[in-house]
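# Coordinate analysis (summary)
Below are the chains, spelled out letter by letter.
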Amino acid sequence: STQEQGPQICVVGSGPAGFYTTQHLLKHHPRAHVDIYEKQLVPFGLVRFGVAPDHPEVKNVINTFTQTARSDRCAFRGNVVVGRDVAVSELQAAYHAVVLSYGAEDHQALEIPGEELPGVFSARAFVGWYNGLPENRELAPDLSCDTAVILGQGNVALDVARILLTPPGHLEKTDITEAALGVLRQSRVKTVWIVGRRGPLQVAFTIKLPRQRKRLTELLLRTATEKPGAEEAARQASATRTWGLRFFRSPQQVLPSPDGQRVAGIRLAVTRLEGVGEAARAAPTGDTEDLPCGLVLSSVGYKSRPIDPNVPFDPKLGVIPNMEGRVLGVPGLYCSGWVKRGPTGVIATTMTDSFLTGQMLLQDLKAGLLPSGPRPGYAAIEALLSSRGVQPVSFSDWEKLDAEEVSRGKGAGKPREKLLDPQEMLRLLGR
Ligand code: FAD
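Before going into details, it helps to say that this report is about the structure given with it.

Basis of the calculations
- Residues numbered from 1 in each chain as written.
- Predicted model: local features only at pLDDT ≥ 70, side-chain atom pairs only at ≥ 80, totals over all residues.
- Heavy atoms only, no water.
- Near = heavy atom within 4 Å.
- Polar contact = N/O pair within 3.5 Å; in protein donor to acceptor, adjacent residues only side chain to side chain.
- Areas by Shrake-Rupley, 256 points an atom, 1.4 Å probe, with all protein chains shown as cover.
- Helix = DSSP H or I, 4+ residues; strand = E, 2+ residues; numbered from the N terminus.
- Nonpolar A, V, L, I, M, F, W, Y, C, P; charged D, E, K, R; others polar.
- Pairing = 2+ DSSP bridges.
- Axes fitted to C-alpha atoms, helices over the stretch in contact; angles between N-to-C directions.
- Contact = heavy atoms within 4.5 Å.

### Topic: the site of the ligand
Of all residues adjacent to the ligand, which total 32 residues, the nearest are Ala17, Glu38, Val82, Trp338 and Ile347. Contact between the ligand and Val82: a nitrogen atom at 2.9 Å from a main-chain N or O atom of the residue. Burial of the ligand by the protein chains amounts to 92% of its free accessible area of 1,000 Å². Put simply, the parts of the chain that give the shell around the ligand at least two residues each are helix 1 (16-28), helix 6 (155-165) and helix 11 (347-366). Residues of the shell around the ligand, tallied by class, amount to 17 nonpolar, 11 polar and four charged.

See below:
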């Protein structure tokens with residue numbers, strides 16, 4: 001073709017950050033081409049593997065992402081682990097610019113004795129299990145106990161508590177995996193405690209504005225202090241499952257059963273606040289409380305990991321050091337989403353920050369700060385991957401898997417029954 005080649009851009013990760021960055025680039029540059037690399041066989045990151053099954057409306061963003069992926073200037077390259085199958089430096093050599101949007105895949109450890117006992121899970125793994133994340137499909141949590149303790153009071157903790165407490169019948173028509181539904185149907189968990197180090201004024205549920213925080217606080221106080229009306233009291237008395245928030249408690253030790261084989265409780269250090277406002281910190285008072293339980297889910301945060309030794313990484317903040325998405329000290333390298341900001345914020349926050357990264361990249365392109373001259377783009381990477389025995393999957397491959405999932409869900413009235421086994425997925429694609 002005699003037409004001048006547009007900029008070849010590579011995005012790593014196909015969650016909201018990857019897709020929103022791509023959307024911005026394609027919309028604001030008429031000739032930009034974007035390849036999205038993804039380690040999973042399937043796209044959409046935490047929209048598929050994080051967002052709770054009983055919040056289907058949140059997943060509508062997938063429609064927009066699908067439109068982006070179907071553009072003839074965009075290609076999805078699934079089943080490619082960047083940092084293992086291909087180095088970031090190889091991507092940098094093949095493309096005019098590289099955007100890292102690979103999220104926050106690790107969980108924050110509790111770092112307390114007993115954490116390794118059977119019956120203790122990260123909320124991340126538990127969420128991955130009920131949402132069909134291949135690596136968590138064997139989790140098989142034992143829900144035969146009557147009390148579960150969730151450590152941490154963020155949105156993820158609330159999701160997990162809700163899934164544990166919702167009558168399974170109410171989840172039957174969601175995209176929760178059939179295996180998880182089976183385990184939840186057998187669950188004997190009756191009580192869920194959601195434990196936090198600080199107090200009701202510092203809870204980490206997503207509250208964007210001071211006015212909303214004030215309303216939440218009023219609601220918490222009213223619920224805690226007012227006597228319920230007759231109808232509500234009767235409803236509470238007949239409830240078979242209950243939950244509660246426990247404030248000013250910090251996990252100190254997971255307590256083993258007498259035979260040492262599994263968790264039997266958790267020792268919490270009682271804390272009090274020191275300092276004021278957002279900076280208030282929880283300090284131990286010296287008192288402790290033992291809470292018997294058969295299941296501990298730690299929901300104290302997700303964490304990004306470095307994926308390539310040649311990319312700067314701030315281990316303390318768990319982010320790639322950057323200025324508005326430009327990776328510090330590495331021209332042509334950008335980041336967006338949780339790996340840029342840290343693992344907080346909803347999809348809308350991720351959208352805003354990804355558009356900003358896209359804008360910075362296009363500004364640099366316009367200012368002549370990115371390499372000039374043609375770049376081979378995927379042609380070069382395809383050759384490398386093939387020499388390494390890696391077989392990428394395309395977006396139309398995903399559409400085949402998607403159709404299969406939807407058809408498997410139909411009989412049960414579910415939007416889809418997720419495929420859990422990558423080997424089976426590859427077989428379905430004729431690989
Ligand atoms: P991710 O969505 O994690 O995407 C990162 C992608 O990169 C993944 O697909 C991953 O597989 C891929 N990747 C990782 N490493 C590599 C590699 N080495 N090579 C190639 N690809 C790689 N927000 C809401 O608005 N509403 C909700 O209801 C909601 N519920 C949530 C529930 C949970 C349990 C969690 C954890 C989050 C929830 N969020 C919700 C927040 C929302 O999911 C995030 O804001 C958003 O997903 C962050 O986008 P991201 O693209 O940075 O990361």
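After presenting the structure, the write-up continues.
### A closer look at the sheet that holds strand 6 (residues 120-122)
Strand order in this open sheet of five strands is 6-13-7-8-9, and the pairing throughout is parallel. The two strands at the open ends of the sheet, each matched to only one other strand, are strand 6 and strand 9 (242-246). Taking each pair of neighbouring strands and ignoring which way they run, the sheet shows an average axis angle of 20°. In terms of strand pairing, strand 7 (residues 147-151) meets strand 8 (residues 191-195) through five bridges, oriented parallel. Opposite Val149, over in strand 8, you have Trp193 as the bridge partner. Contacts from helix 5 (residues 123-130) reach strand 6 and strand 13 (295-298) within the one sheet, and its direction differs from that of strand 6 by about 80°. Relative to the sheet, helix 6 contacts strand 7, strand 8, strand 9 and strand 13, its axis offset from that of strand 8 by approximately 175°.

### Quick notes on the sheet that holds strand 11 (residues 263-274)
Strand order in the open sheet formed by three strands is 10-11-12, with antiparallel pairing between adjacent strands. Since the sheet does not close on itself, it has two edges, and those belong to strand 10 (249-256) and strand 12 (281-292), each with one partner. Strand after strand, the sheet turns through a mean of 20° between neighbouring axes, direction not considered. Pairing geometry for strand 10 and strand 11, over seven bridges, is antiparallel. In the sheet register, Pro251 faces strand 11, and the bridge partner there is Leu268.

### Section: the environment of Ser336
In this fold, Ser336 is placed in the loop between strand 17 (333-335) and helix 10 (338-341). As for Ser336 and Gly325, which are separated by 11 residues in sequence, their C-alpha atoms are 6.0 Å apart. Within the structure, Ser336 has its side chain in polar contact with the side chain of Thr21 (distance 2.9 Å). Polar side-chain contacts of Ser336 include one of 3.0 Å to the side chain of Ser101.

None of the figures reported here should be taken as evidence of function without further support.
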